[in-house]
Amino acid sequence: MSAVATQPETVRHEAVEPVATVEGFSLSLVRDGARTEVLHDVDLVIRPGEVLGLVGESGSGKSVLALSLLGLLPQASRPQSTGTVSVTGVDMVAADEATRRRVRRDALGAIFQDPMTSLNPTMRVGRQLREVTHDDDESVRLLETVGVRDATLRLRVYPHELSGGLRQRVMAAIAVAGRPRLVVADEPTTALDVTVQAQLLDLLRELRDDFGCSVLLITHDLAVADQIADRLAVMYRGELVEVGPAAQVVRAPQHDYTRSLLASRLSLGSPRDERFAAPGADAPAAVVVEGARREFGTRRRGQTVAAVDGVDLRIAAGEALAVVGESGSGKSTLLRMIAGLDRPTSGTVEVVGGGGAQMVFQDAGSSLTPWLTVGETLAERLRGRRLPRADVRARVEDALAVVGLGPEVARARPAQLSGGQRQRVALARATIVPPSVLLCDEPTSALDAALAKSVLALIRDLRARFGMTVVFVTHDLAVARLMGDRIAVMSAGRVVEVGPPDQVIDDPQHDYTRSLLAAVPELVGRTEGAA
């Protein structure tokens, strides 16, 4: 397969022996009883000491290629392949398991999107590190190398006691413990706030500089890859369609799909929806938060931590408030108190009006009951209305149609749906009985740019259709600017700045807001007027 490239992607043109080569690799897997080709005639070279960014939308084949390089293809899917995937000269698809395990131990490291699914929740961090370092002093040194403060203390904690950013750093420490030749980082920044994301990208660059390893950075965000990648490879429907130096791919993309990826990405300059205007000062309130404080106990007896610390907010009926801040700033705790899923330790949180609040979560897959069909899930919201069965079916189909899904989706279970479809089902469940307040907790953070854009447009359409108040929590300032009539910035449990989006973005008043803006990844290779 011939991707658009600025230089040949074959081994014979390399001045030094590559760390990994993929040659003529095609792969098919069995999914839902049918065999499907997921990679087609892929050719790729990863050079010593380079950072290669692999970008593409969900389902393009990026993660399957990563699993092939790691020798971890799911055998239950009965993989069939042609071509080769070699790491340090070993074919990671054709070799026996003992050989693949040796290469993973000696030459490979991996950092996955969700470290909670990769770290053992029942083992302390120190024990997990000791399995690869065999020495606590070396574990501490590695943690310090990847930027973990108080590294000795961190050895004694469990993964769930660390923030998302710290868990990623622990994964990075484990990944480089064996001084690997190649680190495969599969969507490591997805769902991280911009400050932690910037730190993790710096960390990957430092791993290359300090340990001399190559890095394969897999992401759906071109701007993230552009921050640190030497070269970019663009994948679409299982094929590599463009490969070249990062600045050139971003500045002068050659393939239509690369151009569409660039066009679908939201930025701080994306146009806002003109259907909505900020409510007047005399508009009635939909949510009133006064002096809200939420404390949680710690392992040390008698000590507490304030996740939300004296928040005052008044959100008008029909208004959309976007709440931004880094991990641990108190955003989600505030949202849970508005939803009634948690109570303030002191102060008050009130939802005004009879429609109540409904919440849409970051991971729709986890929030939908896996053994219920979509139709059964939506029908549960109508149970108290004692409607005839035919009316329930009609209401379910109407709710699905509003979010752009066909009636056949009612018969599916969550596992049979894509991430974007599951998020649309979650929105249908929340709005089948329209609430007064729709609460959205990072609903697009794990979606690729095109899917995220469509879900954000859907939420705005639902707001216009039902006249709902929306409270939208996000770590993405570009999304906050698009979705909110006002932006509230949270830090250390407090709201440090509130104002109209353009005011907060263009003239931030608080140092923390300025630091968030400084960490936003931009396409540095991009020039005005590029296609």
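Residues numbered from 1 in each chain as written. Predicted model: local features only at pLDDT ≥ 70, side-chain atom pairs only at ≥ 80, totals over all residues. Heavy atoms only, no water.

Note the cut-off: UniProt positions are given in the numbering used here, feature names are shortened, and annotations may be inferred rather than shown by experiment.
An unreviewed UniProt entry annotates the protein chain as Peptide/nickel transport system ATP-binding protein of Luteimicrobium subarcticum. As stated in UniProt under Sequence similarities (unreviewed entry), the record for the protein chain gives "Belongs to the ABC transporter superfamily." Under the UniProt heading Subcellular location (unreviewed entry), the entry covering the protein chain gives this text: "Cell membrane".

## Looking at the overall build of the protein chain
Put simply, the test is: Each helix corresponds to a stretch of at least 4 residues labelled H or I by DSSP, and each strand to a stretch of at least 2 residues labelled E; elements are numbered beginning at the N terminus. The globule rule used for comparison is 2.2 Å times the number of residues to the exponent 0.38, while the radius of gyration itself is calculated over C-alpha atoms. Categorising residues by exposure relies on relative accessible area from a 1.4 Å probe, with only protein chains included: less than 20% of the type maximum marks a residue as buried, more than 50% marks it as exposed, and the intermediate range marks it as partly exposed. Accessible surface is estimated by sampling points in the Shrake-Rupley manner with a 1.4 Å probe; for residues, cover comes only from the protein chains shown. The positive count covers Lys and Arg only, the negative count covers Asp and Glu only, and His and the chain ends enter neither. Every charge is mapped onto a representative atom, which is NZ of Lys, CZ of Arg, CG of Asp or CD of Glu.
Helix and strand content of the protein chain: 19 helices and 20 strands. In terms of C-alpha radius of gyration, the protein chain reaches 24 Å, essentially the compact-globule figure of 24 Å for 531 residues. Its C-alpha atoms put the protein chain at 70 × 55 × 50 Å along the principal axes. Taken over 531 residues, the protein chain has a buried fraction of 52%. For the protein chain, the exposed area adds up to about 23,400 Å²; of that, 47% sits on carbon and sulfur atoms. For the protein chain, the centre of its 61 positive side-chain charges and the centre of its 67 negative side-chain charges are spaced 6 Å apart.

## Focus on the nonpolar core
To keep it simple, the criterion reads: Residues enter a nonpolar core if they are buried and are Ala, Val, Leu, Ile, Met, Phe, Trp, Tyr or Cys, with the set joined through side-chain atoms within 4.5 Å. In what follows, residue pairs with any heavy atoms lying within 4.5 Å of each other are defined as contacts.
Counting 48 residues, the largest nonpolar core has Ile 111, Leu 143, Leu 204, Leu 207 and Leu 232 as the members making the most contacts within it. In terms of residues, this core owes the most to one element, helix α6 (residues 164-176), which gives 7 residues. In contact with Leu 207, other than residues within four places in its own chain, are Val 146, Ala 172, Val 176, Gly 212 and Cys 213. Counting residues in hydrophobic clusters, the runner-up holds 41 residues, among them Ala 412, Val 433, Leu 456 and Met 468.

## Structural notes on the packing of aromatic side chains
To keep it simple, the criterion reads: The criterion for an aromatic pair is that two Phe, Tyr or Trp rings (for Trp, the six-membered ring) have centres within 6.5 Å, with stacked assigned to planes under 30 degrees apart, edge-to-face to planes over 60 apart and tilted to the rest. When the NZ atom of lysine or the CZ atom of arginine is within 6 Å of a ring's centre and also within 35 degrees of its normal, the charge is said to sit over that ring.
A complete count under the given rule lists 1 aromatic pair for this structure. Between the NZ or CZ atom of Arg 294 and the centre of the ring of Phe 296, over which it lies, the distance is 4.2 Å.

## Details of the environment of Ala 20
Within the secondary structure, Ala 20 is located in strand β2 (residues 20-31). A C-alpha to C-alpha distance of 46 Å links Ala 20 and Arg 336, two positions 316 residues apart in sequence. Each residue touching Ala 20, except ones within four places of it in the same chain, is listed here: Leu 44, Val 45, Ile 46, Leu 69, Ser 86, Val 87 and Leu 182.

## Considering the sheet that holds strand β3 (residues 34-46)
We count it as follows: The rule for pairing is simple: two strands pair if DSSP sees at least two bridges between them.
The strand order across the open sheet built from 4 strands is β3-β2-β5-β6, with neighbouring strands paired in antiparallel fashion. Of all the strands in the sheet, the pair left with one neighbour each is β3 and β6 (90-91). Pairing between strand β5 (residues 80-87) and β6: 2 bridges, direction antiparallel. What sits directly across from Ser 86, in β6, is Asp 91.

## A few points about the sheet that holds strand β20 (residues 494-499)
Applicable threshold: Interaxial angles span 0 to 180 degrees and are taken between N-to-C directions of axes, which are lines fitted to C-alpha atoms, for helices over the stretch in contact.
Spatially, β16-β17-β18-β14-β19-β20 is the arrangement adopted by the 6 strands of the open sheet, whose pairing is mixed. Every other strand in the sheet has two partners, leaving β16 (357-360) and β20 as the edge strands with one partner each. Looking at each pair of strands side by side, their axes are set apart by 20 degrees on average, direction ignored. Where strand β19 (residues 486-491) meets β20, 5 bridges bridge the pair, whose relative direction is antiparallel. Bridged to Ile 487 within β20 is Gly 499. Relative to strand β17 (residues 437-441), helix α11 (residues 331-339) is tilted by about 150 degrees, and along the sheet it contacts β14 (320-324), β16, β17, β18 (469-474) and β19. Most of the contacts of helix α15 (residues 419-431) go to β16, to which it runs at about 175 degrees, and overall it touches β16 and β17.

## Here's the deal with the environment of Leu 232
Within the element layout of this structure, Leu 232 appears in strand β10 (residues 231-236). Leu 232 sits 115 residues away from Gly 347 along the chain, and the two C-alpha atoms are 51 Å apart. Ignoring sequence-local partners within four residues, the contact set of Leu 232 consists of Leu 52, Gly 53, Leu 222, Ala 225, Glu 242, Val 243, Gly 244, Ala 246, Val 249 and Val 250.

## Brief notes about the domain arrangement of the protein chain
How we decide: Domain borders in the structure are assigned automatically or taken from a domain database.
Domain annotation for the protein chain reports domain 1 (20-264), domain 2 (268-356 + 435-526) and domain 3 (372-432). Measuring from the centre of the C-alpha atoms in domain 1 to the corresponding centre in domain 3 gives 36 Å.

## Re the environment of Leu 52
Note that Leu 52 resides in strand β4 (residues 51-55). Leu 52 gets classed as buried once you look at its relative accessible area, which sits at 0%. Spatially, the C-alpha atom of Leu 52 lies 7.3 Å from that of Ala 233, the residues being 181 residues apart in sequence.

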